[in-house]
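As a plain string of letters, each chain reads:
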Amino acid sequence: MKAGLVVDGDYIYEAEKHLTVLKTSLFFANDGFTVYDCKGQLVFRVDSYGPDPRGKAEVVLMDAHGRCLLTVRKKRPSLHHRWEGFLGERSEGQKPAFSVKRSSIIGRCGMAVEVFNNPGEEYQIEGNFGQRSCTIFNAAKEQVVEIKRKVDVSSNVVLGKDVFLLSLKPGFDGAFAMGLVLVLDQINGDEYVVNDESEMSPTAQD
């Protein structure tokens, strides 16, 4: 599989990787995340600075030590909910590394991801983020990322939507994947739907 955009090489794994994403508050939508690996070690975090983070101009993805990895911000004005991603802490005049917008493909209501400075690198996001059931495909239609509900293995109970899995195929940058999750969460929160096949039954996954 061809490697995609690299935000930070430390988050590219040789084997398939499952990260647990946890909303950091139950009081407000879209207000922060912490992300852990299978050993319970903190990988990423996103902090909230108020009850209406959807109104914030930018959302910053940080590593476990608070270092800024990626900044996403809504492009204004934008007719298609276009968001842009910048490597590191965005500075004035900095060019975005990628953008996300509603797909213009006829008959498809997904999100299209365009990576700049790398012609031909693009991704399609399909599924229902509100139900935590999304798949990200590369230009070759290969699945590179999956967002799915987390299941408690001991009880086989599906956990709430504030806890979900981010599954990465080998070689795909986890920081880039988490940046796309932030965009999806900001666009419409729990009401976000990207195609009509919205009600998918979760199955037990490791």
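Cut-offs applied
- Residues numbered from 1 in each chain as written.
- Predicted model: local features only at pLDDT ≥ 70, side-chain atom pairs only at ≥ 80, totals over all residues.
- Heavy atoms only, no water.
- Phe/Tyr/Trp six-rings, centres within 6.5 Å; stacked < 30°, edge-to-face > 60°.
- Helix = DSSP H or I, 4+ residues; strand = E, 2+ residues; numbered from the N terminus.
- Buried < 20%, exposed > 50% of the residue type's maximum accessible area, 1.4 Å probe, protein only.
- Pairing = 2+ DSSP bridges.
- Axes fitted to C-alpha atoms, helices over the stretch in contact; angles between N-to-C directions.
- Core = buried A, V, L, I, M, F, W, Y, C linked by side-chain atoms within 4.5 Å.
- Contact = heavy atoms within 4.5 Å.
- Salt bridge = Lys/Arg side-chain N within 4 Å of Asp/Glu carboxyl O.
- pLDDT = per-residue confidence, 0-100.

A. The packing of aromatic side chains, seen in detail. The full count for this structure, using the stated rule, is seven aromatic pairs. With centroids separated by 4.7 Å and ring planes inclined at 50°, the aromatic side chains of Y11 and F44 adopt a geometry described as tilted. In this pair, Y11 sits in the segment before β1 (17-23) while F44 sits in strand β3 (residues 42-46), placing the two residues 33 residues apart along the sequence. For F44, a relative accessible area of 0% corresponds to the buried category. Considering the side-chain rings of Y123 and F176, the 5.8 Å spacing of their centres and the 70° angle between planes classify their relative orientation as edge-to-face.

B. Structural view of the sheet that holds strand β8 (residues 111-115). With antiparallel pairing, twelve strands are arranged side by side around a closed barrel as β1-β2-β3-β4-β5-β6-β7-β8-β9-β10-β11-β14. Pairs of neighbouring strands in the sheet enclose a mean axial angle of 20°, with direction left out of account.

C. View of the nonpolar core. Membership of the largest hydrophobic core comes to 45 residues, with the highest contact counts inside it found for F44, F98, L166, F176 and M178. With ten residues, the top contributor of residues to this core is helix α1 (residues 174-188). What F176 contacts, discounting residues up to four positions off in sequence, is L5, V7, F98, V113, V115 and Y123.

D. Representation of the pairing of strand β9 (residues 122-128) within the structure. Burial analysis of β9 places five of its seven residues in the buried class, which makes it a mostly covered element. In this sheet, β9 lies alongside β8 in antiparallel orientation, the contact comprising four bridges. The residue bridging E114 from the neighbouring strand is E122, located in β9. Counting the residues between successive antiparallel strands, the hairpin from β8 to β9 contains six residues, one of them, N117, with a positive phi of roughly 65°.

E. Region of the structure containing the pattern of salt bridges. Inspection of the entire model under this criterion finds eight salt bridges. Note that E58 is salt-bridged to R73, the shortest N-O span being 3.5 Å. With E58 in strand β4 (residues 58-63) and R73 in strand β5 (residues 68-74), this residue pair connects regions lying 15 residues apart in the sequence. On the basis of relative accessible area, E58 is assigned to the partly exposed category, the value being 26%. Here the salt bridges share partners, and the residues they tie into one network are D8, D63 and R67.

F. Molecular detail of the confidence of the model for the protein. Per-residue pLDDT for the protein has a mean of 81; in total, 76% of the residues score no lower than 70. Segment residues 190-206 is flagged for pLDDT under 50; beyond a separation of four residues in sequence, or across chains, it makes 38 contacts in the model.

G. Summary view of unusual backbone geometry. Phi is positive for R132, close to 55°, though the residue is something other than glycine. Following the sequence through the fold, R132 ends up in the loop between β9 and β10 (133-138). Given the relative accessible area of 1%, R132 is considered buried. A positive phi angle, near 60°, is found at N156, a position not held by glycine.

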